[in-house]
Amino acid sequence: MLTHTDLRDLQLRSLKMQGWIRQQTFSPENVKTLRRFSSWEVAELILGINQSTFRGKMAADPTLPAGKVEPDGRQRWFTLEEINGLRRKIRPRSGSLMPHRPRGRAFRTAIANFKGGAGKSTVALHMAHAAALDGYRVLCVDFDPQATLSHSMGLTDVSEEQTVWGIMARDLVRETEAQNAAPRGAMSGTALPRRTIPSSITDLGIHDLRLSDFVQPTNWPTIDVIPSCANAAFVEFASAQYRHLNPEWSFFAAVSRYLDQLPAEEWDLIFFDCPPAIGYQSMNAVFAADMLYIPSGPGYWEYDSTTSFIGQLSEALEDLAYGFEGTLSADKVSLPKAFADVRFLLTRYEPNNQLHRAMFEAFGKVFGDKLAQHPIEMTRAVEQSGRFLSSIYEMDYREMTRETWRRARASFDQAYAEFKATMLPHWEALDEETLPADKVPAEGGRR
């Protein structure tokens with residue numbers, strides 16, 4: 001017979017192998033580092049200008065970041081910080097190289113689906129990296145206890161107190177304290193019952209953590225992450241207990257309340273990587289999101305799972321709307337939940353596969369213009385990037401043929417460009433009324 005002790009022994013054995021894999025994947029110090037980018041990449045793929053124009057700008061202005069020259073002198077290689085310095089200083093005829101940044105807070109996108117292996121973490125990772133190369137500052141929130149996104153960003157030693165579970169526990173204590181301090185119930189006019197949070201929660205000191213304590217830097221200088229870890233898997237059990245402790249606690253809005261308190265000028269885009277289930281964590285993600293991105297494989301079973309996902313998500317959101325509307329004592333909770341947009345994105349797509357083409361057509365007939373027109377293609381480079389916990393943007397094209405690398409990158413570039421074109425009008429429309437005038441960042445402003 002096997003018990004939890006045996007499972008823990010198996011985990012410890014696996015952790016040893018995980019450490020060895022990390023040594024092979026990351027630097028000798030077990031720290032993931034970001035490579036430099038060649039002048040060819042910087043000019044044509046990142047800044048979008050002709051190579052000769054780029055060389056001319058570099059020669060004409062000695063104050064521009066010079067990068068690092070190869071021993072043979074043929075190619076310069078730039079860090080992301082240097083690339084952003086070039087982006088700020090180079091002024092082509094078409095105007096600024098800075099990406100458009102509407103006023104107001106960061107735009108939030110949840111990447112969610114039922115099925116494991118649908119590509120949620122892969123899409124979140126590549127969207128974050130593509131946005132960073134586009135000049136945006138990005139925050140990723142890993143809601144999945146499998147922590148694939150966190151591991152891919154080089155974070156492996158994570159305490160559960162600094163995950164989404166910590167944010168929810170902190171919110172529970174603070175919301176309960178606020179409710180206990182309120183003299184009368186908001187809706188009924190009667191006094192609310194006093195709720196007591198057990199010392200097993202308050203003694204952790206989570207309610208005293210600062211907002212910034214949950215945010216960790218990554219190997220990308222303009223990407224931060226609220227990580228996850230395997231120990232955070234118990235959040236589903238803990239949250240059920242928390243709701244019993246305080247039935248008036250609007251658990252589904254905990255992360256949204258946390259994000260609303262972050263400085264509006266700190267990040268531009270926020271991506272949520274959701275677990276393959278509808279639960280307390282995933283409901284926090286979808287409730288906090290402005291837009292919902294639903295990745296799916298190109299097979300029938302993936303289509304079937306996606307159909308089930310949107311149906312059960314619809315029911316869960318409806319239950320929240322009718323079950324809590326008018327009964328919540330916490331303020332700033334808007335029900336029913338509304339998304340600015342919902343998009344479906346096919347992943348692991350093979351354009352020469354007849355079944356994949358047929359499923360893309362089927363998705364299009366059902367979801368219409370909600371289906372992204374640029375699916376993520378499955379290539380050898382994409383497979384290799386997944387094995388090494390890296391995005392295609394992190395991989396050095398010299399490790400394979402340039403054409404293989406370019407084809408894989410082009411697929412993600414097109415998917416990101418379509419995401420950006422969809423997202424920007426909704427970002428423009430975000431309500432800015434609650435943002436103080438002195439907190440609104442100047443357009444194009446960067447730290």
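Look above for the structure.
Below: a short report on this structure. Think of each chain on its own: its residues are numbered from 1, step by step along the sequence as written. Note on the predicted model: pLDDT of at least 70 is required for a residue's local features to be given, and 80 or more for side-chain atom pairs to be given and counted; whole-chain, interface and lining totals, by contrast, use all residues. Hydrogens and water are ignored here; the side-chain numbers use all heavy atoms of the structure.

### Examining the sheet that holds strand S1 (residues 37-38)
Strand order in the open sheet formed by three strands is S1-S3-S2, and the pairing between neighbours is antiparallel. This sheet does not close on itself; its edge strands, each paired only once, are S1 and strand S2 (68-69). As paired strands, S1 and strand S3 (residues 76-78) are joined by two bridges and run antiparallel to one another. Counted as the bridge partner of Ser38 is Trp77 from S3. Pairs of residues are marked as contacts when any of their non-hydrogen atoms sit within 4.5 Å. Here, axes are lines fitted to C-alpha atoms. For helices the fit covers the stretch in contact, and angles between N-to-C directions go from 0 to 180 degrees. Numbering of helices and strands runs from the N terminus; a helix is a DSSP stretch of H or I covering at least four residues, while a strand is a stretch of E covering at least two. In the packing of helix H4 (residues 80-89) onto the sheet, the strands contacted are S1 and S3, and the crossing angle to S3 comes to about 95°. Here a strand pair is declared whenever DSSP counts at least two bridges between the two strands.

### Looking at the sheet that holds strand S10 (residues 341-346)
Spatially, seven strands are ordered S6-S7-S5-S8-S4-S9-S10 in an open sheet, and the strand pairing comes out mixed. Single-partner strands in this sheet number two, and they are strand S6 (216-217) and S10. The sheet contact formed by S6 and strand S7 (residues 223-226) spans two bridges and is antiparallel. Across the sheet, residue Gln216 finds its bridge partner in S7, namely Val225. Relative to the sheet, helix H15 (residues 402-428) contacts strand S4 (107-111), strand S8 (269-273), strand S9 (291-296) and S10, its axis offset from that of S9 by approximately 160°.

### Observations concerning the nonpolar core
Each nonpolar core is a collection of buried residues, namely Ala, Val, Leu, Ile, Met, Phe, Trp, Tyr and Cys, held together in the definition by side-chain atoms within 4.5 Å. Relative accessibility decides the category of a residue: with a 1.4 Å probe and only protein chains considered, values under 20% of the type maximum give buried, values over 50% give exposed, and everything between is partly exposed. Ranked by size, the top nonpolar core spans 64 residues in total, and within it Leu47, Phe54 and Phe271 carry the most contacts. In this view, Phe271 contacts Thr109, Ile111, Met127, Ala128, Ala131, Val138, Leu139, Cys140, Val141 and Phe419; residues no more than four positions away in its chain are not counted. Core analysis: the second largest hydrophobic core is formed by 59 residues, Trp165, Val173, Ala254 and Tyr258 among them.

### Some details on the pattern of salt bridges
By definition here, a salt bridge exists when the distance from a side-chain nitrogen of Lys or Arg to a carboxyl oxygen of Asp or Glu is within 4 Å. Counted by the stated rule, this structure contains 19 salt bridges. Where Asp341 meets Arg343, a salt bridge forms, and the shortest distance between an N and an O atom there is 3.3 Å. A cluster of three or more residues bridged by salt bridges with shared partners is formed by Arg101, Arg137 and Asp268.

### Thoughts on the packing of aromatic side chains
Note on aromatic pairs: the rings of Phe, Tyr and Trp (six-membered ring only in Trp) are paired at centre separations within 6.5 Å, and the planes decide the class, stacked below 30 degrees, edge-to-face beyond 60, tilted for the rest. One pass over the structure, following the stated rule, counts 23 aromatic pairs. Judged by centre distance (6.0 Å) and plane angle (55°), the rings of Trp40 and Trp405 are tilted. Within this pair, whereas Trp40 is found in helix H2 (residues 39-47), its partner Trp405 is found in helix H15, the two being separated by 365 residues in sequence. Given a relative accessible area of 4%, Trp40 falls into the buried group. Its relative accessible area of 0% is what places Trp405 among the buried residues. Taken together, the ring pairs connect Tyr242, Trp249, Phe251, Phe252, Tyr280 and Phe287 into an aromatic cluster. Taking NZ or CZ as reference, Lys337 lies 5.8 Å from the ring centre of Phe287, over its face. Lysine and arginine charges are scored as sitting over a ring when NZ or CZ, respectively, is within 6 Å of the ring centre and within 35 degrees of the ring normal. The residue whose ring lies beneath Arg402 is Trp40, and the NZ or CZ to ring-centre distance is 4.0 Å.

### Describing the pairing of S8
Counting buried residues along S8, five of its five residues qualify, which places the element largely inside the surrounding structure. Burial along S8 is two-sided: the residues Leu269, Phe271 and Asp273 and Ile270 and Phe272 are all buried. One ladder, built from five bridges, connects S4 with S8; its direction is parallel. Considered in S8, the bridge of Ile111 is made with Asp273. Relative to S8, strand S5 (residues 138-142) runs parallel, the two being bridged by five bridges. Along S8, the bridge assignment pairs Val141 with Phe272.

### Details of unusual backbone geometry
For Ala147, which is not glycine, the phi dihedral falls at a positive 60°. Relative to the assigned elements, Ala147 resides in the loop between S5 and helix H6 (148-152). Despite not being glycine, Arg348 shows a phi value in the positive range, around 55°. Relative to the elements of secondary structure, Arg348 occurs in the loop between S10 and helix H13 (354-367). The exposure class assigned to Arg348 is partly exposed, which follows from its relative accessible area of 29%.

Remember that the coordinates give geometry; whether it matters functionally is a separate question.
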